[in-house]
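Below, each chain spelled out in residue letters.
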Amino acid sequence: MPNSPGRKPTNEFRMTAQTMYGLEPVLAEELLRLGAKEVEKHNRAVAFTGDLGFLYKANLCLRTALRVLIDRRLPCAERAGHLCRHQRSRGKCSWAWKTPSRSPPS
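From a predicted model like this one, the values you see are computed outputs, not experimental measurements.

A. Seen up close, the packing of helix α1 (residues 24-34) against helix α2 (residues 52-61). Interhelical geometry of α1 versus α2 gives an angle of 130 degrees and a closest axis separation of 11 Å. Judged by the inter-axis angle, α1 sits oblique to α2. Seen along the crossing, α1 lies across α2 with a hand that is right-handed. Seen from α1, the contacting residues are E30, L31 and L34; seen from α2, they are F54, K57, A58 and C61. Residue composition of the contact of α1 with α2, grouped by class: five nonpolar, no polar and two charged.

Have a look at this one:
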């Protein structure tokens, strides 16, 4: 969703909730009741728009979703930099500190 002049940039991004075949309408209804925007049914999935708070809410409250995925290909996902502080490095993130033998960087 592009920002028009004079509007504040939003932290909303596209997400996809995966489900089992035949449960797409049920999942779409769940998302609408939770407050999702731009809900679209697909084969074994439902795409929608929301912010970080809605991502947490979807993960906690959806009963028919198997998982919730973030679509990082869209430019609006880059504006939500708080999702991953290394997001803009495009895979150049060092995960070495995540191993048990090392401590996190300070």
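B. Spotlight on the sheet that holds strand β4 (residues 67-70). Here four strands make up an open sheet; going across it, the order is β2-β3-β1-β4 and the pairing antiparallel. The outermost strands of the open sheet, each flanked by one partner alone, are β2 (37-42) and β4. Adjacent strand axes in the sheet meet at a mean angle of 25 degrees when their direction is disregarded. Here strand β1 (residues 13-18) runs beside β4; their pairing, made up of four bridges, is antiparallel. Looking across to β4, one finds that Q18 is bridged to R67. Contacts between α1 and the sheet are confined to β1, β2 and β3 (45-50), with β2 contributing the most and set at about 170 degrees to the helix. Packed onto the sheet, α2 meets β1, β3 and β4 and runs at close to 160 degrees relative to β4.

C. Spatial organisation of the pattern of salt bridges. In this structure the tally under the stated criterion is five salt bridges. A salt bridge links E40 to R14, with the nearest nitrogen and oxygen atoms 3.7 Å apart. In this pair, E40 is assigned in strand β2 and R14 in strand β1, connecting sequence segments 26 residues apart. For E40, a relative accessible area of 37% puts it in the partly exposed group. The shortest N-O distance in the salt bridge between R33 and E29 comes to 3.1 Å. Of this pair, R33 and E29 are both found in helix α1, four residues apart, which corresponds to roughly one turn of the helix. Residue classification places E29 among the partly exposed residues on the basis of a relative accessible area of 38%.

D. Spatial organisation of α1. Inspection of α1 places E24, L27, A28, E30, L31 and L34 among the buried residues, and these make up the whole buried set. Summarising the axial view, the buried residues of α1 lie within an arc of 160 degrees, below the 170-degree limit, and thus occupy one face. Along its buried surface, α1 packs onto β1, β2, β3 and α2. Phi turns positive, to about 110 degrees, at G35, one or two residues after α1.

Procedures and definitions
- Along each chain, the written sequence defines residue order, and numbers are assigned to residues from 1.
- Since the coordinates come from a predicted model, pLDDT governs what is reported: local features require at least 70, and pairs of side-chain atoms require 80 or more to be given and counted, while whole-chain, interface and lining totals use all residues.
- Computation of side-chain values: all heavy atoms of the structure, hydrogens and water removed.
- Axis definition: a line fit to C-alpha positions, over the contact stretch in the case of helices; interaxial angles, taken between N-to-C directions, run 0 to 180 degrees.
- The secondary structure listing takes helices from DSSP runs of H or I that are at least 4 residues long and strands from runs of E that are at least 2 residues long, numbered from the N terminus.
- Any angle from 65 to 115 degrees is called roughly perpendicular, while one under 35 is roughly parallel, one over 145 is roughly antiparallel, and all others are oblique.
- By convention the crossing between two helices is left-handed if the near helix lies anticlockwise of the far one by an angle smaller than a right angle, and right-handed if it lies clockwise.
- Here, residues are in contact when the closest pair of their heavy atoms is within 4.5 Å.
- Think of it as three bins: nonpolar holds Ala, Val, Leu, Ile, Met, Phe, Trp, Tyr, Cys and Pro, charged holds Asp, Glu, Lys and Arg, and polar takes everything else, Gly as well.
- At least two bridges found by DSSP between two strands is the condition for calling them paired.
- The term salt bridge refers to a side-chain nitrogen of Lys or Arg lying within 4 Å of a carboxyl oxygen of Asp or Glu.
- Only protein chains enter the calculation, and the probe is 1.4 Å; a residue is then buried if its accessible area is under 20% of its type maximum, exposed if over 50%, and partly exposed in between.
- Directions from the helix axis toward the C-beta atoms define the arc.

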